[in-house]
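Reading the structure
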Amino acid sequence: MKQNMINWFEIPVTDMDRAIEFYQTILGIEITRAEMGPLDMGWFPGDPELPGASGSLVKHPDFYFPSNSKGTLIYFNSPSGDLSNELSKVEAAGGKVLQEKKQIAPDVGFMGLFIDSEGNRIALHSQA
């Protein structure tokens, strides 16, 4: 069966309430919280009928630690269609913009980078 390689992603957090507020504010989405013992998750909205992966904010004292390393980078699609809208909310929501909107290539679109409220480096993508 052909499919995209990414199935699920998890973004480590140290303060779930703060992280949920941050992502709901900048992306204009509803995050569903699920607490399972010491594992605390905030699920991003997803639809199994649509292409692409879904994922979660995750907090666990022994297994998840935020990082702004230069390693793996998750790109969120811009819910508004223009990532400038989401980037403009990052700093007021407790994050830091690292890279303003920048064209990748005419046929690929645009990207921007930010540090979230927990210290993770995250990217945004839009065609406009």
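Before reading further, recall that the structure is shown in the block above.
Thresholds, definitions, all that
Residues numbered from 1 in each chain as written. Predicted model: local features only at pLDDT ≥ 70, side-chain atom pairs only at ≥ 80, totals over all residues. Heavy atoms only, no water. Salt bridge = Lys/Arg side-chain N within 4 Å of Asp/Glu carboxyl O. Helix = DSSP H or I, 4+ residues; strand = E, 2+ residues; numbered from the N terminus. Buried < 20%, exposed > 50% of the residue type's maximum accessible area, 1.4 Å probe, protein only. Patch = residues over 30% accessible without salt bridge, like charges linked within 9 Å, V, L, I, M, F, W, Y side chains within 5 Å. Areas by Shrake-Rupley, 256 points an atom, 1.4 Å probe, with all protein chains shown as cover. Pairing = 2+ DSSP bridges. Axes fitted to C-alpha atoms, helices over the stretch in contact; angles between N-to-C directions. Contact = heavy atoms within 4.5 Å. Arc of directions from axis to C-beta. Phe/Tyr/Trp six-rings, centres within 6.5 Å; stacked < 30°, edge-to-face > 60°.

Counting across every chain of the model gives 4 salt bridges. The closest approach of N and O atoms between Arg 33 and Asp 17, which form a salt bridge, is 2.5 Å. Of the two residues, Arg 33 sits in strand 2 (residues 32-36) while Asp 17 sits in helix 1 (residues 16-27), which places them 16 residues apart along the sequence. Judged by relative accessible area, which is 34%, Arg 33 ranks as partly exposed. Among the charged side chains, a network of salt bridges with common partners joins Asp 17, Arg 33 and Asp 40.

Quick look at a nonpolar patch on the surface now. Residues Trp 8, Met 36 and Trp 43 make up a contiguous nonpolar surface patch of about 300 Å² in total accessible area. Its place among the elements puts Trp 43 in strand 3 (residues 39-43).

It is worth spelling out the sheet that holds strand 3 at this point. Spatially, 1-4-3-2 is the arrangement adopted by the 4 strands of the open sheet, whose pairing is mixed. The open sheet is flanked by strand 1 (8-12) and strand 2, the only strands paired with a single partner. Ignoring strand direction, the axes of neighbouring strands in this sheet form an average angle of 25 degrees. Bridge count between strand 3 and strand 4 (residues 54-59): 4 bridges; the pairing is antiparallel. What sits directly across from Gly 42, in strand 4, is Leu 57. Here helix 1 sits on the sheet and contacts strand 1, strand 2, strand 3 and strand 4; the angle it forms with strand 4, its principal contact strand, is near 150 degrees.

This part is about helix 2 (residues 83-90). Buried within helix 2 are the following residues: Leu 83, Glu 86, Leu 87 and Val 90. Along the axis of helix 2, the buried positions cluster into a sector of 100 degrees, meaning they face one direction only.

This structure, assessed with the given rule, holds 7 aromatic pairs. Seen in terms of ring centroids, Phe 22 and Phe 114 are 5.9 Å apart; in terms of plane orientation they differ by 45 degrees. Their pairing is tilted. Of this pair, Phe 22 sits in helix 1 while Phe 114 sits in strand 7 (residues 109-115), and the two are 92 residues apart along the sequence. Assigned by exposure class, Phe 22 and Phe 114 land together as buried. Ring centres of Tyr 23 and Phe 44 lie 5.5 Å apart, and the angle between their planes is 85 degrees; this geometry places the pair in the edge-to-face category.

One open sheet holds the 4 strands; their spatial order is 5-8-7-6, and the pairing between them is mixed. On the outer flanks of this sheet lie strand 5 (74-77) and strand 6 (96-105), each paired with one strand and no other. Averaged over all pairs of adjacent strands, the angle between strand axes in this sheet comes to 25 degrees, irrespective of strand direction. Pairing geometry for strand 5 and strand 8 (residues 121-126), over 4 bridges, is parallel. Within the sheet, the bridge partner assigned to Tyr 75 lies in strand 8 and is Ala 123. Across the face of the sheet, helix 1 comes into contact with strand 5, strand 7 and strand 8 while running at roughly 155 degrees to strand 7.

That's the geometry; what it means functionally is another story.
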